[in-house]
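# A closer look at the structure
Here are the chains, one letter per residue:
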Amino acid sequence: MERDSSPSDQFHRYKNLIQNGDNPDITKERQGASFNLYNMQCFVYENDHKLQRRQEILEFVESHREFDDPVHPHFLNRDEQIDRATRKCLAMVDNLDAIDVTDYFDEAPLYQLLTIGRELHCLSLHYGMFLPTIQVHTEKSLILGPFQMAASKAILGTFAQTELGHGSNLSKLETTATYDATTKEFVIHTPTMSAGKWWPGGLGKSANYAAVMAQLYTSGESKGPHLFMVQLRDNAHAPLPGVTVGDIGPKLGNNANDNGFLIFDHYRIPRRNMFMKYSKVEADGTYIPPPHAKLGFGAMVLVRLLMIRDQTCQLGAAAVIAIRYSAVRHSAVRQGEINEGEGEVQILDYRTQQYRLLPQLARSFPSSQRMRSRNSTSKYVTKQINNNANMELLPELHALSSGLKAVITWEVAQGIEQLRLSCGGHGYSRASAFPDMYAYAVGGCTYEGENIVMLLQVARFLMMIAKEVRSGNPKLAEIAEYIAKPDAVTARISSWKTCSDEDIIHDFEAVTRKLIFATFDRLTTLERTMKKKEAWNACSIDLCKAARMHVKTYLVKNFLARVRTCEDPASRTVMHTLAKLYAFDLISGGGGHFMKGGFLSEKQFNEVQLGIYEMLAAIRPDSVALADSWAISDLELRSVLGRRDGNVYPALLEWAQQSPLNQN
Ligand SMILES: CCCCCCCC/C=C\CCCCCCCCCCCCCC(=O)SCCNC(=O)CCNC(=O)[C@H](O)C(C)(C)COP(=O)(O)OP(=O)(O)OC[C@H]1O[C@@H](n2cnc3c(N)ncnc32)[C@H](O)[C@@H]1OP(=O)(O)O
Ligand SMILES: Cc1cc2nc3c(=O)[nH]c(=O)nc-3n(C[C@H](O)[C@H](O)[C@H](O)COP(=O)(O)OP(=O)(O)OC[C@H]3O[C@@H](n4cnc5c(N)ncnc54)[C@H](O)[C@@H]3O)c2cc1C
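All values derive from a computational prediction rather than experimental measurement. (Residues numbered from 1 in each chain as written. Chains lettered and ligands numbered in written order. Predicted model: local features only at pLDDT ≥ 70, side-chain atom pairs only at ≥ 80, totals over all residues. Heavy atoms only, no water.)

## Quick notes on the UniProt feature "domain: Acyl-CoA oxidase/dehydrogenase middle" (unreviewed entry) in the chain
Annotation from UniProt places "domain: Acyl-CoA oxidase/dehydrogenase middle" (unreviewed entry) at residues 159-265. Within the segment residues 159-265, helix and strand shares are 0% and 42% respectively, and the terminal C-alpha atoms sit 19 Å apart. (UniProt positions renumbered as here; feature names shortened; annotations may be inferred. Helix = DSSP H or I, 4+ residues; strand = E, 2+ residues; numbered from the N terminus.)

Encoded structure:
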């Protein structure tokens, strides 16, 4: 059948409708802000230097043609996605001078987002885990060798730990590394089908090396899981004899990454290929244990801390998209009128919409901020460990990194989904960026320690503290000092305007303390009639609840503390309301814990609910400016709905035009 014009022609007709300049609604929103955007951005990024670096890196990427996308990545099949990501990775690595490569909090992730986008790719594990593993687990005298090779692209590595049969439970991994003192080699072997490595990113096609976690056997004894540097492919990139390797197929997201499988058949590596910074195997097979049994898990602790910042930035970006879209969405489709006859309103004016958007925006600030200081703690702890075995802070860091990882990845994934819903049908389109964001975020709930498993690690720490407090001789980590404070019978929270930060902190600490001790009492009671592990399992839901509350209390305290450091009064006022909204929203969501035993009265709970309404109204005029305070460029955002200029509809038409179905 003949047609008057192709779909492409039709699109071109509509393209003429593209507005010049910014959408007037969004401009009006920006003009109405109560604070100076630059001051706020400096607060969010800590100083103007970091802000300026963001701009410089953006300009660098925009001026390099090799980072351009000839076809929009959403319209590529998996092979093409992997080709694209690999091409971009090469361009990214060829231009590393553009950034401070040691800055894994700001510059490196920004550069990666601008060049490749929001997904894992063939180099993710190399930079995200392989290099950190080398850094954490290699003796200083040896670090230059593999590190330089890795940096100079001579080797491309991954982190191969998880197996078909075991992921969370490291102690039951089955891959073996058996020391042969006669040849001074380790024999790496996959003894059963379930021992096959499964999941490592970049393993399927790209990596030629891996840091492999395997059960060490020396002098006939098992010594538990240890890390080994293993070459997988030769110079022509073919798997070496004794190595079977491949891709595990498509996944929920991150499909430009070639997650792979790996099977060893009595594969030999030199003795020095064991990561021997903490534990060693001497040439004669003598085993030297590490100063702390869990130092071998150090790389994971570091990466959990990095993930927290990385994931929170995803939530920030999602909030930016949804808020900007909510400011321009009103005239194309009738959503209803608040005051009959006065015409439609921006959907941002609906209180329900604000309730969907603003708590998520609030949630995106504290964890991204505090991670900077956690990063310094991590560096401090690593230094203590290196400067001879001061391990005291290790359990605290492990508990904190595990807890923050679990709570934040979950909140980020749920938040992104809520924000997607807030954009109606367009949120469901990949043009919005929400589907990719969600797939990325939800992966973080599983990898680097499944979230429930991580929460139970926090609970172990909390139960140990509770036992010490009850014994009357507590030696408390800073993050747990509140657990030893006296009980509080009633809550202090009043109206959001009059209640102080101390009141909020008092109530969060009191509720969490109660939860921890109630769980501790239940556990100890159960332990009288059950084996320890059975008792643990029997109250593990409560253990997770206590762990979650502990982390949330930490986040609330830190958000409030960070806001107090804001020097610009106008920015501080808005941020303070946002921090209170964050706290009130948590109380409202966790009402059961707060109202238990009459701690929070019904009147106080009603104040909390009312406060949320009032704070939403108070923040509403600043919401677009607050979104702008994330200082995210369109290239970084990669969302048609979140465009800075607000010209969403023509951009959607333009995006759809690239669909291969419209080409003929
Ligand atoms: C350079 C420029 C280029 C640009 C590119 C830049 C890119 C990078 C840019 C930015 C970075 C962003 C980074 C973000 C993303 C990174 C990308 C990576 C993406 C994908 C990565 C995915 C990788 C993986 O998933 S690897 C596999 C991870 N696996 C796990 O996490 C397994 C989880 N399980 C465990 O960790 C353990 O089994 C356990 C902790 C659950 C249990 O330990 P256990 O087996 O020993 O048993 P117990 O429970 O009995 O514990 C005993 C005792 O030990 C304590 N313990 C346990 N672990 C630790 C620890 N780590 N530290 C200290 N203490 C520990 C435990 O608490 C117990 O103590 P008690 O006192 O209670 O006895
Ligand atoms: C996108 C992605 C990328 C990945 N990349 C890598 C990589 O590069 N390298 C690598 O080595 N691995 C990688 N992994 C694997 C990942 O680390 C594991 O999937 C993760 O550690 C969880 O382990 P599992 O899959 O064995 O889950 P399981 O441990 O089998 O969990 C399944 C369920 O059992 C529950 N459960 C398990 N143990 C307990 C317990 N003790 N108490 C209570 N409940 C429990 C969990 O809570 C969960 O609900 C990746 C995974 C994904 C999804």
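## A closer look at the sheet that holds strand β8 (residues 260-264)
Ordered by their spatial adjacency, 3 strands build an open sheet running β4-β8-β7, and the pairing between neighbours is antiparallel. The sheet is open, and its two edges are formed by β4 (197-198) and β7 (243-247), each paired on a single side. In terms of strand pairing, β4 meets β8 through 2 bridges, oriented antiparallel. Its bridge partner being in β8, tryptophan 198 is matched across the sheet by phenylalanine 261. (Pairing = 2+ DSSP bridges.)

## A short note on the side chain of lysine 251
Here lysine 251 is to be found in the loop between β7 and β8. Nearest to the buried, unbridged lysine 251 among oppositely charged side chains is aspartate 247, at 5.4 Å. Excluding residues within four positions of it along the chain, lysine 251 makes contact with Arg78, Trp199, Asn257 and Asn259. (Buried < 20%, exposed > 50% of the residue type's maximum accessible area, 1.4 Å probe, protein only. Lys, Arg positive; Asp, Glu negative; His and termini not counted. Salt bridge = Lys/Arg side-chain N within 4 Å of Asp/Glu carboxyl O. Contact = heavy atoms within 4.5 Å.)

## Some details on the domain arrangement of the chain
Per the domain assignment, the segments making up the chain are domain 1 (155-290) and domain 2 (298-472 + 499-627). Computed from C-alpha coordinates alone, the two centres of domain 1 and domain 2 are separated by 36 Å. The interface formed by domain 1 and domain 2 holds 0 salt bridges in total. For the pair domain 1 and domain 2, the number of links is 0 residue pairs in polar contact (both at pLDDT 80 or more). (Domains from an automatic or database assignment. Polar contact = N/O pair within 3.5 Å; in protein donor to acceptor, adjacent residues only side chain to side chain.)

## What about a positive patch on the surface?
Positive charge collects at one region of the surface, where Lys172, Lys294, Arg460 and Lys533 lie side by side. As for its position among the elements, lysine 172 is in the loop between β1 (157-160) and β2 (176-180). (Patch = residues over 30% accessible without salt bridge, like charges linked within 9 Å, V, L, I, M, F, W, Y side chains within 5 Å. Areas by Shrake-Rupley, 256 points an atom, 1.4 Å probe, with all protein chains shown as cover. Charge placed at Lys NZ, Arg CZ, Asp CG, Glu CD.)

## A few points about the pairing of β1
Side-chain direction in a regular strand flips from residue to residue, so the side chains alternate between the two faces of the sheet. In β1, alternate side chains face the same way, and those of Gly157 and Phe159 on one face and Thr158 and Ala160 on the other are all buried. Strand direction decides the pairing type here: β1 and strand β5 (residues 209-218), joined by 4 bridges, are parallel. Within β5, the residue paired with alanine 160 across the bridge is valine 212.

## A word on the pattern of salt bridges
Counting across every chain of the model gives 31 salt bridges. The shortest N-O distance in the salt bridge between arginine 84 and glutamate 119 comes to 3.8 Å. You can see arginine 84 sitting in helix α5 (residues 78-94) and its partner glutamate 119 sitting in the loop between α6 (107-115) and α7 (124-137), a full 35 residues away along the chain. By the burial criterion, arginine 84 is buried, and glutamate 119 matches it. Residues arginine 324 and aspartate 628 are paired through a salt bridge, measuring 2.9 Å at the closest nitrogen-oxygen approach. Here arginine 324, found in helix α9 (residues 298-328), pairs with aspartate 628, found in helix α21 (residues 623-628); they are 304 residues apart in sequence, far enough to count as distant.

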